[in-house]
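Single-letter residue listing:
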Amino acid sequence: MQILPSNVINYKKIKVGFINFFLRKKTIILALLLVLFFISLYFLIDYSTQSLVAHDEGLYARRARLIEYSDNWFSTPFSTPHHKTLGSYWFIALSIRLFGNSELSLRLPSIISSFFCLISSYLIALKITTKKAALISVFSLSSMPLWIQYSRYASPDFPFVLCILLVILFFLKSLDSLGYLRQYFYIFLSGLFISTSFFIRSYMAFVPLIGLTPFIFYHLFKKGCHFKIFFSTGIFLGSIPTFLNLYFSYKKFGIVGITTLFAFARKQAIGEVDFNNFILGPLNFIYLTFPIGVLLIILLAFTRFNNKINYPLLIYCYPLLSLILLLCMSTSYPHYYLILLPSLSVIFSTYLTSNSFRYSFSRTTISYLLFIIILFIASLILFSIINYKNLIFQYTYGNPLIVYILSAVLLLSYLTSTRFLFDIKYIRCNLINFFYNLIIPQYISLSLLFNFGVLGNPNYNTKLFLRDKSVSTIINSNTIYLFSLDSKIQTLLSYYLPSSLVVDDFEKLTKYQYVITSDIVNFKNLDINHSFVSVKKFDNHSLLMNINE
């Protein structure tokens, strides 16, 4: 009879001990839970709701699979000279080999690279500014719509951004390290990732590297000969994969195998300057970085930075030179600007945490400007929810509840954030609270919309078609021929159907068993119409079967 009270007492001691431990370590535990929740939004993705975005994702997926199948990661498996180095496809190909052929394996390199980009960006910010500003820079970077979108995109963009960040991080570490061995090790790694970035992204690597040139050369000039030798050695060793790629390309195609790479770069960079970049660039900047871009513009206009910033050539000159190069390119896409976002987040965080007003009317102007912007965005969301119910129902595949819930969360965050704008006494602290009140719900909402396929999933109907029982049985045991398809659908089907073949003459199809086409109108006008029957349709495409004896 004495055992039961003893057990009760022990249980109570354990409970009390756990509560005391939680209260003592409350800050650490809550921070850990927040980090785990932050990470979960990166990796807990419902891949049954995902589909590839054409053209780029389909092209990268198909080419990476060819490299993985070829078992030769330096010699091009393509039948014609290729305009990119094979490093563009290495990480996707490696992921396919390790995890199989799926959207998860295709997008995993970007997801992992994006996560490590945030860590690298935080470590860089710590060397430039305060811990508080570094933390704000991570939150601002991870909440940008462009960053969230391409974090789940099958492309080499994020491995490339990670390489550039590692170049900067290891260079900074080499400058701060006291021991010679560490200095040489870090500067070697910095040089290694410079040449690796070219192997991953070809000519696009020149944009950030040219931007970094003043910063790197300035500090290299002050260092000794051994420091420069280790840096050059890193660049040389990192260039070996590129040299092997070019060698095998030359061996297979001759000099054209090399010139094609630089001809494409010249076409992209030296063609006619697209003045739309100068007109649409600022609008894209505001939209794709919201709310960071808007807040930074307002801070730059109405406040001044109070403290001296470390490494101004890195913080200001590097993004400015890179931006000028991107604006002057003949062809420029939003994902080209990913390399600028870490710098943007650091600049924003330093201004947000240490500023003073330029003018007597700055405080009032900032408050009312932000209030008007937030009111406009909230009204836009509310208007879209009310007036585009059919589109919401269509893009959520009959389950719009997640859109309504997340929209309500965003609207609530916008409304509650306005209370931080009109407290005169604590304006600096309130701007930081205002920032957190906006970007945390935005990060959660946009991440969940991408994770559950509401955003970034334009070809879901194509996947539903391929998963249909009657269709999957056919495509698993037959060669499927593709005729007169939209180029984007053809790109996707060429990936999803590895054994498919493209044909360009419908009259030859009488001897084929199955064909997918979107040219139904022309097909019906042909004499061979009676030889085929429709098995399944999706959108304006059809899978046809040959019934001719």
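Treat the numbers as computed from the prediction; the structure is a model and nothing was measured.

Participant: If you had to explain the nonpolar core to someone new, which residues and values would you point to?
Facilitator: By size, the foremost hydrophobic cluster in this structure holds 115 residues, and its most contacted members are W147, L212, F215, L314, F348, Y414 and F435. Tallying contributions element by element places helix α8 (residues 157–176) first for this core, with 15 residues. Beyond its immediate sequence surroundings of up to four residues, L212 is in contact with I164, V167, I168, L314 and Y318. Core analysis: the second largest hydrophobic core is formed by 33 residues, A61, L106, L466 and I489 among them.

Participant: Explain the pattern of salt bridges to me, using residue names and the numbers behind them.
Facilitator: Within this structure, the stated rule accounts for seven salt bridges. Across the salt bridge formed by R107 and E57, the nearest N and O atoms sit 2.9 Å from each other. Of this pair, R107 sits in helix α5 (residues 103–128) while E57 sits in helix α3 (residues 56–70), and the two are 50 residues apart along the sequence. Given a relative accessible area of 0%, E57 falls into the buried group. Two residues, R97 and D71, come together in a salt bridge whose shortest N-O distance is 2.4 Å. Taken together, the positions of R97 in helix α4 (residues 87–99) and D71 in the loop between α3 and α4 put the pair 26 residues apart, joining distant regions of the chain. Here D71 falls in the exposed class, since its relative accessible area comes to 55%. Three or more residues are tied together by salt bridges with common partners; here these are E68, D71 and R97.

Participant: An account of the state of the cysteines is needed here, citing residue identities and associated values.
Facilitator: Enumeration according to the criterion identifies zero disulfides in this entry. No disulfide involves C117; its sulfur sits 9.0 Å from the nearest other cysteine sulfur, which is in C163. We classify C117 as buried; its relative accessible area is 0%.

Participant: Could you give an account of unusual backbone geometry, naming the residues involved and the relevant values?
Facilitator: Residue P291 follows F290 across a cis peptide bond; omega there is 0°. With respect to the secondary-structure elements, P291 resides in the loop between α14 (276–288) and α15 (292–302). You will see that D71, though not glycine, has its phi angle at about 65°, which is positive. Even without a glycine there, the phi angle at Y311 is positive, about 55°. With respect to the helices, strands and loops of the structure, Y311 is situated in the loop between β1 (303–305) and α16 (312–328).

So, how was this worked out
Residues numbered from 1 in each chain as written. Predicted model: local features only at pLDDT ≥ 70, side-chain atom pairs only at ≥ 80, totals over all residues. Heavy atoms only, no water. Core = buried A, V, L, I, M, F, W, Y, C linked by side-chain atoms within 4.5 Å. Buried < 20%, exposed > 50% of the residue type's maximum accessible area, 1.4 Å probe, protein only. Helix = DSSP H or I, 4+ residues; strand = E, 2+ residues; numbered from the N terminus. Contact = heavy atoms within 4.5 Å. Salt bridge = Lys/Arg side-chain N within 4 Å of Asp/Glu carboxyl O. Disulfide = S-S within 2.5 Å.

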